[in-house]
Amino acid sequence: MDYTKRQIEIINAATTLIDEGGIQQLTTKALAEKMNFSEPALYRHFKNKTAILYSVLDYYGLGLKYKMQDLIVEEHSGIEKLKSIIEFQFEHFSKHPAIVMVIFAETSFQHEEILSKAVLNIMTNKKKKVKSIIELGQADGSIRKDIKADQLAVIFMGAMRFTILQWRLNEYKADLNKEGELLWETQRTIFSRT
């Protein structure tokens, strides 16, 4: 979906509100106040709160999708592409910690099918891209072939998710980029061909 400049401003403001107080902090009233306009003006850009939350997820998902596509076509080995994913995501989350709060709020979305599906879509698309990169690495000899690409993708994504979640639950106190470097050293050992 293409978003207008104003919609992107609303998406960013919504993400900030969620970061400050959780999903419950995001109300159309609070969002309109943050944007310095009335609630009816907000509804000119989004139908309701669910549409705003969906757009936050979709906007993040699109950015991730395009970055992953760029990584796939780069002239690097599969193992180097995996390193680039960790570097990109950890750097991005370090600069925009509010996004973590949204992405990791999937349990809050369990009663909103459209939002649950949006989170699932992000995870499914990312897994497909990671699996594709792993398969490229298995073909170029930089990633081990004795474990299926699908399972390596789960291990890769799960370790990233745990590290990022731990950082969020620890109130962003650690240096996420350094945590990413440590994670990569372990991942490289696990994924390198044997």
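Since the model is a prediction, treat every value here as computed from it, not as a measurement.

Calculation rules
Residues numbered from 1 in each chain as written. Predicted model: local features only at pLDDT ≥ 70, side-chain atom pairs only at ≥ 80, totals over all residues. Heavy atoms only, no water. Helix = DSSP H or I, 4+ residues; strand = E, 2+ residues; numbered from the N terminus. Expected span 1.5 Å × (residues − 1). Buried < 20%, exposed > 50% of the residue type's maximum accessible area, 1.4 Å probe, protein only. Contact = heavy atoms within 4.5 Å. pLDDT = per-residue confidence, 0-100. UniProt positions renumbered as here; feature names shortened; annotations may be inferred. Core = buried A, V, L, I, M, F, W, Y, C linked by side-chain atoms within 4.5 Å. Polar contact = N/O pair within 3.5 Å; in protein donor to acceptor, adjacent residues only side chain to side chain. 1 Å grid on protein atoms, 1.4 Å probe; cavity = no way out; pocket = protein on both sides within 12 Å on 5 of 7 lines; lining within 4 Å. Points joined across faces, edges and corners; volume = space filled by probe spheres on them. Nonpolar A, V, L, I, M, F, W, Y, C, P; charged D, E, K, R; others polar.

Within an α-helix, residues lying three or four positions from one another point in the same direction, as the helix has 3.6 residues per turn. With 28 residues, helix 7 (residues 113–140) should cover 40 Å at 1.5 Å per step; its first-to-last C-alpha distance of 40 Å lies within 8% of that length. Of all the positions in helix 7, only Leu115, Ala118, Val119, Ile122, Lys126, Val130, Ile133, Ile134, Gly137 and Gln138 are classed as buried. For helix 7, the elements touching its buried residues are helix 4 (49–73), helix 5 (78–95), helix 6 (97–103), helix 8 (149–169) and helix 9 (176–191). Gly141 sits one or two residues past helix 7 and shows a positive phi near 85 degrees.

Let us look at the confidence of the model for the protein. For the protein, mean pLDDT is 90; residues scoring 70 or higher make up 97% of the total. Confidence, read as mean pLDDT per element, is least for helix 6 in the protein (80) and greatest for helix 9 (96).

Turning next to the UniProt feature "DNA-binding region" (unreviewed entry) in the protein. Listed under "DNA-binding region" (unreviewed entry) in the UniProt record, and renumbered for this structure, are residues 27–46. Secondary structure content for residues 27–46 is 65% helix and 0% strand, and the end C-alpha separation is 13 Å.

Judged by nonpolar contacts, the single largest core of 59 residues is most densely connected at Leu31, Leu57, Leu82, Ile85, Val130, Ile134 and Phe156. Among the elements that line this core, the one with the most residues is helix 4, at 9 residues. Not counting chain neighbours up to four residues away, the residues in contact with Ile85 comprise Met68, Leu71, Val130, Ile133, Phe156 and Met160.

Let's shift gears to the side chain of Ser55. Mapping Ser55 onto the fold places it in helix 4. On the basis of relative accessibility, which here comes to 3%, the residue Ser55 falls in the buried class. From its side chain, Ser55 meets the backbone oxygen of Ala51 in a polar contact 2.9 Å long.

Another point: unusual backbone geometry. Residues other than glycine seldom take positive phi values, yet Asn36 does so here, at roughly 60 degrees. Despite not being glycine, Tyr172 shows a phi value in the positive range, around 60 degrees. Looking at the secondary structure, you find Tyr172 in the loop between helix 8 and helix 9.

This next bit is on the UniProt feature "domain: HTH tetR-type" (unreviewed entry) in the protein. The UniProt feature table records "domain: HTH tetR-type" (unreviewed entry) at residues 4–64. Overall, residues 4–64 shows 75% helix and 0% strand. The separation of its end C-alpha atoms is 19 Å.

Inspection of the secondary structure puts Ser192 in the segment after helix 9. Linking Ser192 and Gly137, residues 55 residues apart in sequence, is a C-alpha distance of 9.2 Å. Non-local contacts of Ser192, meaning those with residues more than four positions away in its chain, are made with Ile79, Ser142 and Arg144. Among the polar contacts listed, one links the side chain of Ser192 to the backbone oxygen of Arg188, at a separation of 2.6 Å.

What follows is about empty space enclosed by the protein. Using the criterion set out here, one finds 1 cavity of 30 Å³ or more in the structure. A volume near 50 Å³ is recorded for the largest cavity. In terms of lining residues, the largest cavity is bounded by Gly61, Leu64, Lys65, Met68, Ile122, Asn125, Lys126 and Lys129. If you list the elements that add at least two residues to the lining of the largest cavity, you get helix 4 and helix 7. When the residues that make up the lining of the largest cavity are grouped by side-chain class, the tally is 3 nonpolar, 2 polar and 3 charged.

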